[in-house]
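# Summary of structural features
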Amino acid sequence: MASETSGYRERNSTADRALIILGMFTEDRLQISANDVAEALGSARSTAYRYLQTLVGASFLEEAPNGGFRLGVAVLELARLARRGYGLTTIAQPVMRELADEVGETVLLTRLVDDTAVCIERCEGAKQLVRLSYERGSRLPINAGASALTLLAWLPEKEIRSILGRHELQRFTDRTLTDVDRLVDRLERIRTTGYGLTVAEVDPDAMGIAAPIFDESGSLAAALSIVAIRRRVPEDRTDVLVTAVRAAAQTLSTRLAVVSS
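Residues numbered from 1 in each chain as written. Predicted model: local features only at pLDDT ≥ 70, side-chain atom pairs only at ≥ 80, totals over all residues. Heavy atoms only, no water.

## Section: the packing of helix α6 (residues 146–153) against helix α8 (residues 180–193)
Stated precisely, the cut-off is as follows: Convention adopted: a line fitted to C-alpha atoms gives each axis, helices being fitted over their contacting stretch, and angles between N-to-C directions are expressed from 0 to 180 degrees. Only DSSP runs of H or I with at least four residues qualify as helices, and only runs of E with at least two residues qualify as strands; both kinds are numbered from the N terminus onward. Angle categories are assigned with fixed cut-offs, so that under 35 degrees is roughly parallel, over 145 is roughly antiparallel, 65 to 115 is roughly perpendicular, and the rest are oblique. Residues count as neighbours in contact if any of their non-hydrogen atoms are within 4.5 Å of one another. In this count, Pro and Cys sit with the nonpolar residues alongside Ala, Val, Leu, Ile, Met, Phe, Trp and Tyr, while Asp, Glu, Lys and Arg are called charged and the others, Gly among them, polar.
It is at 9 Å that the axes of α6 and α8 come closest, and there the two elements cross at 85°. Of the possible angle classes, the one that applies to α6 and α8 is roughly perpendicular. Between α6 and α8, the residues in contact are Leu149, Thr150, Leu152 and Ala153 and Leu183, Arg186, Leu187, Ile190 and Arg191, respectively. Grouping the amino acids of the contact of α6 with α8 by side-chain chemistry returns 6 nonpolar, 1 polar and 2 charged.

## With respect to unusual backbone geometry
What counts, and what does not: With a 1.4 Å probe rolled over the protein chains alone, any residue whose accessible area is under 20% of its type maximum counts as buried; one over 50% counts as exposed, and the rest are partly exposed.
Phi is positive for Asp115, which is not a glycine, with a value near 65°. For Asp115, a relative accessible area of 23% puts it in the partly exposed group. Of note, the phi angle at Ala200 is positive, near 55°, even though the residue is not glycine. The buried category is assigned to Ala200, whose relative accessible area is 5%.

## What about the pattern of salt bridges?
Between side chains of opposite charge, a pair can form as their charged atoms come close. Applicable threshold: Note on definitions: salt bridges are taken to be side-chain nitrogens of Lys or Arg within 4 Å of carboxyl oxygens of Asp or Glu.
Taken as a whole and assessed by the stated rule, the structure comprises 10 salt bridges. The closest approach of N and O atoms between Glu105 and Arg237, which form a salt bridge, is 3.2 Å. With Glu105 in the loop between α5 (73–103) and β3 (106–113) and Arg237 in helix α9 (residues 235–260), this pair connects stretches of sequence that are 132 residues apart. What makes Arg237 partly exposed here is its relative accessible area of 23%. Arg161 is paired through a salt bridge with Glu157; the nearest N and O atoms lie 2.9 Å apart.

See the structure below:
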């Protein structure tokens, strides 16, 4: 009985009902009414209207001039972001594959999502000997690692401090920075050199090299990074990896600008 009650509540949650309402729109149905929603939810018209007004307040719906409701600007913005994200990964995959094969290391594509560095794509070299476990969708520490620091480095200082202030900055090794002022100074150096290089800041055995990817407006869109086992990267090879990842990131910036224009 408890399981059935839990399932009922889950199916009838506010979030589920909101998704049902949004899912009512199709190519042939660009406008819905409170009566339509009441029928779909199996609820009173007043209850349906309350859900509709909540979605209107969040800009997911708007009232149509001739009555009823149509999709709002928040849905358009989500669609824009979805297309942009999909376009980025599609453009990035062949470049990432070429880079991974060239250097024989793991290559990551990351971007800021809700103030967090998230891995949105990964690639490994065809002849790579050591494989690292960075999964798509995994969240990375905001204060450590080449990817996260590079994503922050091109933001205004006020925004950087705001983001860092909203996170509990963890110390993973004795090289991890948790002081905001020191992190801001570090980010300025990354912006000056044009790439981020970290050694043993998250994992004592790993190093990362990341370069920024810019969109058509010149704003930071994502970061491209190489992650490697540090003992496999002698000092004279570091410059080779830096050059490779920066060149690949520049290629992606150029292609992203072309696609967006």
